[in-house]
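Notes for the structure review
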Amino acid sequence: MRTVDVSEVTRNIKEMCIEANYFLSEDMKEAMKRAADTEKAPLGRKILGQLQENMDIAGEDWIPICQDTGMAVIFMEIGQDVHFEGGFLEDAVNEGVRQGYAEGFLRKSVVRDPILRENTKDNTPAVVHYEIVRGDGVKITVAPKGFGSENMSRVFMLKPADGIEGIKQAVLTAVKEAGPNACPPMVVGVGIGGTFEKCALLAKKALTRSVKKRSEIPYVRELEEEILEKINSLGIGPGGLGGSITALAVNVETYATHIAGLPVAVNICCHVNRHVTRAL
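Residues numbered from 1 in each chain as written. Predicted model: local features only at pLDDT ≥ 70, side-chain atom pairs only at ≥ 80, totals over all residues. Heavy atoms only, no water.

**A word on the environment of Pro 125**
As for its placement among the helices and strands, Pro 125 is situated in the loop between helix H4 (89-103) and strand S4 (127-133). With 122 residues separating them along the chain, Pro 125 and Ala 247 place their C-alpha atoms 30 Å apart. The contact partners of Pro 125, leaving out residues within four places of it in the chain, are Met 71, Asn 94 and Val 110. (Helix = DSSP H or I, 4+ residues; strand = E, 2+ residues; numbered from the N terminus. Contact = heavy atoms within 4.5 Å.)

Laid out in structure tokens, this is it:
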């Protein structure tokens, strides 16, 4: 049994909230540069150049890449041989978010009640997903999610007979309807299978996978590549002003499902696809 003090969780999440909002991951930087090099439309290339300049300024001056510093989404992979001490784990997670958003001068965008709309003034509570895994490790992923793109996400409860073609059509429908509102070039997370809520979680988690890494499942890898090509042929382009690069990547995750269903979720993220992972 390994013991972890929750103060370590708080400290790391505080730092990760700031890091994720100031710096894009290396895979995203490379994808943006590649997009700028391959974009065919002059206006699209100009916009991509401006986005890269914005990223450089954010990193150099330690300021947020985007004014919408998101709602903090936290993935916790916890080994079953881990025992936390020093306080309640979820309180420690939220304290890390509170400290990170205060010390990083990040916009506080969370309201306590979805109807009453009173701002909590510290960007808590976070949305926390826990997964118990083998061993005594703790892996934390912090993924702040802005709502310009979050609002463009969709869930489709397809019939099994809709198959692969139905999945392709569902993803393309979501991207077309999103248009410029998701601040393209976007990363498209797709979850297939499970239940209504499971496919949405798969799609969200897909956004945290490196855009350089394709699925190890052959048909899923082909699906990712084909959907990306179809999205980029829509002509939405950077900023929604036309061009050949609408999406930087399509990441697909799958899970077992019921014989009577084919749930598909599409969770779109803008070009500021933020996520940081650490192991404690």
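There's plenty left to go through after this.
**Overview of the packing of aromatic side chains**
In this structure the tally under the stated criterion is three aromatic pairs. Residues Phe 23 and Trp 62 carry aromatic rings whose centres are separated by 5.2 Å and whose planes lie at 85° to one another, so their mutual orientation is edge-to-face. Of the two residues, Phe 23 sits in the loop between helix H1 (6-22) and helix H2 (26-38) while Trp 62 sits in the loop between helix H3 (42-61) and strand S2 (71-79), which places them 39 residues apart along the sequence. Given the relative accessible area of 27%, Phe 23 is considered partly exposed. Chaining the aromatic ring pairs together yields one cluster made of Tyr 22, Phe 23 and Trp 62. Its end group placed over the ring of Tyr 255, Lys 198 keeps NZ or CZ at 4.5 Å from the ring centre. (Phe/Tyr/Trp six-rings, centres within 6.5 Å; stacked < 30°, edge-to-face > 60°. Buried < 20%, exposed > 50% of the residue type's maximum accessible area, 1.4 Å probe, protein only. Lys NZ or Arg CZ within 6 Å of the ring centre and 35° of its normal.)

**So, H2**
For H2, with 13 residues, the first-to-last C-alpha span of 18 Å sits near the 18 Å given by 1.5 Å per residue. Those residues of H2 not exposed but buried are Asp 27, Met 28, Ala 31, Met 32, Ala 35 and Ala 36. (Expected span 1.5 Å × (residues − 1).)

**A few points about the packing of H1 against H4**
Packing of H1 against H4 leaves a shortest axis separation of 7 Å and a crossing angle of 35°. The handedness of the crossing between H1 and H4 is right-handed. Of H4, the residues touching H1 (which contributes Val 6, Val 9, Thr 10, Ile 13, Lys 14, Cys 17, Ile 18 and Asn 21) are Leu 89, Ala 92, Val 93, Glu 95, Gly 96, Val 97, Gln 99, Gly 100, Tyr 101 and Glu 103. Residues that form the contact of H1 with H4 fall into these classes: 10 nonpolar, five polar and three charged. (Axes fitted to C-alpha atoms, helices over the stretch in contact; angles between N-to-C directions. Left-handed = near helix turned anticlockwise from the far one by under 90°. Nonpolar A, V, L, I, M, F, W, Y, C, P; charged D, E, K, R; others polar.)

**Examining the sheet that holds strand S8 (residues 247-257)**
If you walk across this open sheet you meet the four strands as S6-S9-S7-S8, and the pairing is mixed. What marks the edges here is a single partner per strand, and that holds for strand S6 (154-158) and S8. Adjacent strand axes in the sheet meet at a mean angle of 15°, parallel and antiparallel pairs treated alike. Strand direction decides the pairing type here: strand S7 (residues 186-194) and S8, joined by nine bridges, are parallel. For Gly 189, the partnering residue across the bridge sits in S8 and is Asn 251. Along the sheet face, helix H6 (residues 163-178) touches S6, S7 and strand S9 (262-269) and points at about 30° away from the line of S9. (Pairing = 2+ DSSP bridges.)

**Overview of unusual backbone geometry**
Keep in mind that most residues, glycine aside, have a negative phi and that most peptide bonds are trans. Cis geometry marks the peptide bond from Thr 124 to Pro 125, where omega comes out at 5°. Of note, the phi angle at Phe 105 is positive, near 55°, even though the residue is not glycine. For Phe 105, the location among the structural elements is in the loop between H4 and S4. Taking the relative accessible area as the measure of exposure, Phe 105 reaches 72% and is therefore exposed.

**Description of the pairing of strand S5 (residues 138-145)**
In summary, the side chains of a regular strand alternate between the two faces of the sheet. With respect to burial, S5 is a largely interior element, seven of its eight residues being buried. Pairing between S2 and S5: eight bridges, direction antiparallel. The residue bridging Ile 78 from the neighbouring strand is Val 138, located in S5. One ladder, built from four bridges, connects S5 with strand S10 (residues 276-279); its direction is antiparallel. Looking at the pairing, Ile 140 lines up with Arg 278 of S10.

**Considerations on the sheet that holds S2**
Hydrogen bonds between backbone groups are what pair the strands of a sheet, and the pairing can be parallel or antiparallel. Taken in spatial order, the four strands line up as S4-S2-S5-S10 in an open sheet, and their pairing is mixed. A strand with exactly one partner marks an edge of an open sheet, and here the two such strands are S4 and S10. Each strand axis lies, on average, 15° off the axis of its neighbour in the sheet, ignoring direction. Judged from the seven bridges that link them, S2 and S4 form a sheet pairing that is parallel. Following the sheet pairing, Val 73 is matched in S4 by Val 127. Running over the sheet, H1 touches S2, S5 and S10 and is turned about 40° from S5. Packed onto the sheet, helix H7 (residues 196-206) meets S2, S4 and S5 and runs at close to 95° relative to S2.

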